[in-house]
Amino acid sequence: MAYSDKVIDHYNNPRNMGSLDKKDKKVGTGVVGAPECGDVMKLQLKISGGVIEDARFKTFGCGSAIASSSLATEWVKGKTLDEAFQIKNTEIVNELNLPPVKIHCSVLAEDAIKAAISDYKKKNETE
Amino acid sequence: MEILSQKTGSERGPFFEKPGVAPPCWNCASNNVKMYNCVSCTSIQQFLHDTDYFTIFNIGYTLHIDPENLEKKYYELSRRFHPDYYQNRSKAEQEISLENTAFLNKAYQTLSDPFKRCAYLVQLIEGDKNLPTEVPAALFEEIFEIQETLETLRDTDESDEAARSALKTVLQNASEHMLQFESEEKAQLDHLFTKWDALETGRKERDFSDAQKKLLVQMKQILSHAGYIDRILQDINAVL
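We now turn to the structure provided with this report. (Residues numbered from 1 in each chain as written. Chains lettered and ligands numbered in written order. Predicted model: local features only at pLDDT ≥ 70, side-chain atom pairs only at ≥ 80, totals over all residues. Heavy atoms only, no water.)

## Structural notes on the overall build of chain A
Secondary structure summary: chain A contains five helices and three strands in total. Put simply, chain A runs from its N terminus to its C terminus through helices and strands in the order α-β-β-β-α-α-α-α. Rg of the C-alpha trace for chain A: 14 Å, near the compact-globule value of 14 Å for 127 residues, within the 12% margin. Viewed in the frame of its principal axes, chain A has a C-alpha envelope of about 50 × 25 × 25 Å. Across the 127 residues that make up chain A, the buried fraction comes to 50%. The long-range share in chain A, meaning contacts at least 24 apart out of those at least 6 apart in sequence, stands at 62%. Carbon together with sulfur atoms contributes 51% to the accessible area of chain A, which is approximately 5900 Å² in total. Taking the average location of the 18 positive side-chain charges in chain A and that of its 18 negative ones, the two points are 4 Å from each other. (Helix = DSSP H or I, 4+ residues; strand = E, 2+ residues; numbered from the N terminus. Rg over C-alpha atoms; globule rule 2.2 N^0.38 Å. Buried < 20%, exposed > 50% of the residue type's maximum accessible area, 1.4 Å probe, protein only. Contact = heavy atoms within 4.5 Å. Areas by Shrake-Rupley, 256 points an atom, 1.4 Å probe, with all protein chains shown as cover. Lys, Arg positive; Asp, Glu negative; His and termini not counted. Charge placed at Lys NZ, Arg CZ, Asp CG, Glu CD.)

## Quick word on the interface of chain A and chain B
Interfaces are often described in size by the accessible area the parts lose on coming together. Contacts between chain A and chain B engage 17 residues on the former and 15 residues on the latter. Summed over both partners, the interface of chain A with chain B comes to about 1400 Å²; 61% of that surface belongs to carbon and sulfur atoms. Contact with chain B buries surface across chain A, with P35, V40 and F60 of chain A losing the most and accounting together for 44% of the total. Counting every contact that joins chain A to chain B gives three salt bridges. (Buried area = accessible area lost by both parts, 1.4 Å probe. Salt bridge = Lys/Arg side-chain N within 4 Å of Asp/Glu carboxyl O.)

## Here we look at the pairing of strand β3 (residues 51-60) of chain A
Among the 10 residues that make up β3 of chain A, seven are buried, leaving the element largely enclosed by the rest of the structure. Connecting the antiparallel pair strand β2 (residues 39-48) of chain A and β3 of chain A is a turn made up of two residues, with G49 of chain A showing a positive phi of about 60 degrees. (Pairing = 2+ DSSP bridges.)

## Side note on the pairing of strand β1 (residues 27-34) of chain A
Residues and elements named next belong to chain A. Of all eight residues in β1, seven are buried; the element is thus mostly enclosed. Here β1 pairs with β2 via eight bridges, running antiparallel. Within β2, the residue paired with G28 across the bridge is L45. A loop of four residues connects β1 with β2, the two strands running antiparallel in sequence, and G38 in this loop sits at a positive phi of about 85 degrees.

## Quick word on the pattern of salt bridges
Residue and element names in this part refer to chain A. All chains considered together, the criterion is met by 12 salt bridges over all chains. The salt bridge partner of K114 is E110, with a shortest N-O separation of 2.6 Å. On the criterion of helical spacing, the pair formed by K114 and E110 is a turn pair, its members being four residues apart in helix α5 (residues 103-125). Comparing K114 with E110, the two get one shared label, buried. A single network of salt bridges, built from pairs that share partners, joins D9, R15 and E74.

## Things to note about unusual backbone geometry
For N16 of chain A, which is not glycine, the phi torsion reads 60 degrees and is therefore positive. You can call N16 of chain A buried: its relative accessible area is 17%. Phi at A29 of chain B is positive, roughly 65 degrees, even though this residue is not glycine. Residue position: A29 of chain B is located in the loop between α1 (9-12) and β1 (33-34).

Now the structure itself:
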């Protein structure tokens, strides 16, 4: 099955690719992977006053994994932590028209958002 | 997947070995079915729908497998089911011979590889549960670093021989380190296999002990790393 136009667009013009400073207290980092295919994804959020003001990703994987994480960074920007936590992988599947074999890529993106948020929370609760 | 339904692998054996274990012949309803063939009408018999790879080889749910024994059993069963022998038989029998052969081949391939064998056992016992997606930070960091080096190499101009060969040396070392890590993981898995098999000899019916379930958790951890290691090694090999 061919990739949808939206996947190809994100693949060719990934949004928010790159890294933020992992040590910054305002930055939450989520790193997740798909053990079945070996794809790895890093998603970072910069949070200020409970709102996500910036997001970056770095994904080494298939087109769908790259598109899912690229889309995720677009969506989370401007959202509160609670709102971002609500993002469901099915929304990513619908937006990108992912075929069933690529659903795990969207799960990865959802997991990465959640991991980044909990990393941020952990970082900020201790002090 | 409900595979470990009532009896253990060794009791069901190749399930037609003992009389009364096999269901009646699909063709003539005779109860006299032995080793995948009906004694009355000679029809070939299908694997039970809920059989599993361990059961058809009659090796119990053990994780250390003697490769020679496995191969020997594989050839025996292959001969028994080979589609060539059923060319002049009914369409239904031809289909069964094909299906059994396909199942057998998959079983042999899966059980021949320690990682696949272990993953299969985990899946049998726990159902279709996914492997854990969290990975030790150290491994992830290493993978990201290697991937970034690979990216740099791809972006480095073909003419810049010096830079390219320096990057390739870095990748070569990374690949060796990954192989080292992989062999350590294999040794750990092997150790868990030994523990599992020791507990397996005393097991009754389908009660896997808590100790065995704990071992499964540890095995899953190692299995979940294998995909990343394979992938990164492939990616490195593609450019070296």
